2 protein chains.
Amino acid sequence: MISKACRYGIRAVVYLASRYGETAKSSFAEISREVDAPEAYTAKILQILTKSGIISSIKGPNGGFYMERLQIDQAVINIVDTIDGLDVFYECGLGLKQCSASRPCPMHDQYKMARETLLDSFSRTTIEQLARRVKEGSSFVRNLAIPGVG
Amino acid sequence: MISKACRYGIRAVVYLASRYGETAKSSFAEISREVDAPEAYTAKILQILTKSGIISSIKGPNGGFYMERLQIDQAVINIVDTIDGLDVFYECGLGLKQCSASRPCPMHDQYKMARETLLDSFSRTTIEQLARRVKEGSSFVRNLAIPGVG
DNA sequence: ATAATAAAGGATTAAAATATCTTTTATTAT
DNA sequence: ATAATAAAAGATATTTTAATCCTTTATTAT
């Protein structure tokens, strides 16, 4: 559905958002550790997110990644749009180049329904809402530590 | 969401099903042409579908691919299961190794909803239903011919 | 000014998915 | 039996996605 890069990206952003208010900024080393994502790859993704204004960064000592209030109040779909684009929400489920109500693939209606359910969640849910759950401890952005591994 | 191979596969099977009753079997050359999918790749996919019993085939002159009544009455999910597996319907939307109601990712509920909508359509829709639409001409498994191209 | 820090940028590698090509096997018609 | 047909099987190539590594730039503290 959405790419691995995008899944890492959402987890990273939600983690960053959950640290809103803390004075210290987060390095990509910290972020990748906290969301169990490969360090160098996460750095690339954070770079893209910074360039597009989803998150902010400052270089040098005491620098790192952080988010502004306005950024936290964005919908999650903006992250998906930046990393994967929105095509997946509009493409034909069976891969036809053009597929519409007037010339549908055999699964058009069913697929559209599912796609829209997902697009709706991503559009209506804000980063803040997800971050709050993480802060509360009612949801998680990292894997459970496996005792004896790592 | 589902792989390209799987999308070609569904289109190929629906096409084959729509030819149920015709005496002549279909070659992979014919099938790939009729669903606008790469010939050699389609052959591979048809091979997998044959081995798993989704469709049938016979080698040699007058041979080719075809479907039995029982095969046509299967749910579409069986095609997905054979080509991609069902993991996609059970994996975490944000890529966590374990994600459940008791230890959810921040989007767990929303994602589950969308995933189940899709799994439900695939499970409740039969190949026959899709093939009927194609036979009626109310839906399509191939791209619109672009005048002057091809 | 200089050294240290941390992200940005660019180049490269690895793995997976997509796609093609060649050889083999089964079946049929002659 | 032999030639022709069509799928099965295996090997190889290409493209995309995922991931790493190395160099450069900006910022800060000394």
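Every value quoted in this text rests on a predicted model; they were computed, and no experiment measured them.

Trainee: For the protein's contact with DNA strand D, give the residues involved together with the corresponding values.
Mentor: Not every one of the 25 residues close to DNA strand D is listed here, only the nearest: Pro-38 and Pro-61 of chain A together with Ser-27, Lys-44 and Ser-57 of chain B. The sugar and phosphate moieties of DNA strand D supply 62% of its atoms located within 4 Å of the protein. Within the contact set of DNA strand D, a base oxygen lies 3.2 Å away from a side-chain nitrogen or oxygen of Lys-59 of chain A. Elements supplying a minimum of two residues to the surface near DNA strand D: α1 (4-18) and α3 (39-51) of chain A together with α3 (39-51), β1 (56-58) and β2 (64-66) of chain B. A total of four residues in the surface near DNA strand D trace back to one element, the largest contributor, which is α3 of chain B. Looking at the surface near DNA strand D, its residues break down into nine nonpolar, 10 polar and six charged.

Trainee: Explain the interface of chain B and chain A residue by residue, including any values.
Mentor: The interface of chain B with chain A comprises 38 residues on the first partner and 38 residues on the second. Together chain B and chain A conceal approximately 3500 Å² of surface at their shared face, both sides included; 62% is due to carbon and sulfur atoms. The largest contributions to the chain B side of the interface with chain A come from Arg-103, Pro-106 and Phe-140 of chain B, which together make up 18% of the buried area. The tally of links between chain B and chain A comes to zero salt bridges. Linking chain B with chain A are 12 residue pairs in polar contact (both at pLDDT 80 or more), by the criterion used here.

Trainee: Lay out the side chain of Arg-103 of chain A with the relevant residues and their values.
Mentor: Within the fold, Arg-103 of chain A resides in the loop between α5 (77-83) and α6 (108-124). The charged side chain of Arg-103 of chain A is buried without a salt bridge, its nearest counter-charge being Asp-36 of chain B at 7.0 Å. Among the polar contacts listed, one links the side chain of Arg-103 of chain A to the backbone oxygen of Arg-142 of chain B, at a separation of 3.2 Å. Dropping the residues within four chain positions of it, Arg-103 of chain A is found in contact with Gln-98 of chain A together with Phe-140, Arg-142, Asn-143 and Leu-144 of chain B.

Trainee: Help me get a handle on the protein's contact with DNA strand C, residues and values and all.
Mentor: The immediate surroundings of DNA strand C are formed by 25 residues, with Ser-27, Lys-44 and Ser-57 of chain A together with Pro-38 and Pro-61 of chain B found nearest. Each atom of DNA strand C within 4 Å of the protein belongs either to a base or to sugar and phosphate, the latter forming 62%. A distance of 3.2 Å separates a phosphate oxygen of DNA strand C from a polar atom in the side chain of Tyr-8 of chain B. When residues of the surface near DNA strand C are traced back to their parent elements, those giving at least two are α3, β1 (56-58) and β2 (64-66) of chain A together with α1 (4-18) and α3 of chain B. The element contributing the most residues to the surface near DNA strand C is α3 of chain A, with four residues. Here the surface near DNA strand C is built from residues that sort into nine nonpolar, 10 polar and six charged.

Trainee: Outline helix α6 (residues 108-124) of chain B, supporting the account with residue identities and numerical values.
Mentor: If you check α6 of chain B, its first and last C-alpha atoms are 24 Å apart, about what 17 residues at 1.5 Å a residue would give, namely 24 Å. Residues of α6 of chain B that are buried include every one of His-108, Gln-110, Tyr-111, Ala-114, Arg-115, Leu-118, Leu-119, Ser-121 and Phe-122 of chain B, and no others. Those residues of α6 of chain B hidden inside the fold are in contact with α6 and α7 (127-136) of chain A together with α1 and α5 (77-83) of chain B.

Trainee: Outline the packing of α6 of chain A against α6 of chain B, listing residues and values.
Mentor: Where α6 of chain A contacts α6 of chain B, the two axes come as close as 9 Å, and the packing angle between them is 180°. Relative to α6 of chain B, α6 of chain A is oriented roughly antiparallel. When α6 of chain A is examined against α6 of chain B, the residues Gln-110, Tyr-111, Met-113, Ala-114, Thr-117, Leu-118, Ser-121 and Phe-122 of chain A are found in contact with a partner set consisting of Gln-110, Tyr-111, Met-113, Ala-114, Thr-117, Leu-118, Ser-121 and Phe-122 of chain B. The class makeup of the residues in the contact of α6 of chain A with α6 of chain B is 10 nonpolar, six polar and no charged.

Trainee: Kindly report on the layout of surface pockets, identifying the contributing residues and their values.
Mentor: Within this model, the largest pocket holds a volume of roughly 400 Å³. Together, 22 residues line the largest pocket, and Met-1 and Ile-2 of chain A together with Met-1, Ile-2 and Val-88 of chain B are the ones closest to its centre. Elements represented by at least two residues in the lining of the largest pocket include exactly α6 of chain A together with α6 of chain B. Across the lining of the largest pocket, the residue classes break down as 14 nonpolar, two polar and six charged. As a volume, the second largest pocket reaches approximately 210 Å³. Taken together, Ser-26, Ser-27, Phe-28, Ala-43, Gln-47, Thr-50, Ser-57, Ile-58, Gly-64 and Phe-65 of chain A make up the lining of the second largest pocket. Listed by contribution, the elements that provide at least two residues to the lining of the second largest pocket are α3, β1 and β2 of chain A. When residues in the lining of the second largest pocket are grouped by element, the largest group, three residues, is from α3 of chain A.

Each value, and the rule that gives it
- Residues numbered from 1 in each chain as written.
- Chains lettered and ligands numbered in written order.
- Predicted model: local features only at pLDDT ≥ 70, side-chain atom pairs only at ≥ 80, totals over all residues.
- Heavy atoms only, no water.
- Near = heavy atom within 4 Å.
- Polar contact = N/O pair within 3.5 Å; in protein donor to acceptor, adjacent residues only side chain to side chain.
- Helix = DSSP H or I, 4+ residues; strand = E, 2+ residues; numbered from the N terminus.
- Nonpolar A, V, L, I, M, F, W, Y, C, P; charged D, E, K, R; others polar.
- Contact = heavy atoms within 4.5 Å.
- Buried area = accessible area lost by both parts, 1.4 Å probe.
- Salt bridge = Lys/Arg side-chain N within 4 Å of Asp/Glu carboxyl O.
- Buried < 20%, exposed > 50% of the residue type's maximum accessible area, 1.4 Å probe, protein only.
- Lys, Arg positive; Asp, Glu negative; His and termini not counted.
- Expected span 1.5 Å × (residues − 1).
- Axes fitted to C-alpha atoms, helices over the stretch in contact; angles between N-to-C directions.
- Parallel < 35°, antiparallel > 145°, perpendicular 65-115°, else oblique.
- 1 Å grid on protein atoms, 1.4 Å probe; cavity = no way out; pocket = protein on both sides within 12 Å on 5 of 7 lines; lining within 4 Å.
- Points joined across faces, edges and corners; volume = space filled by probe spheres on them.

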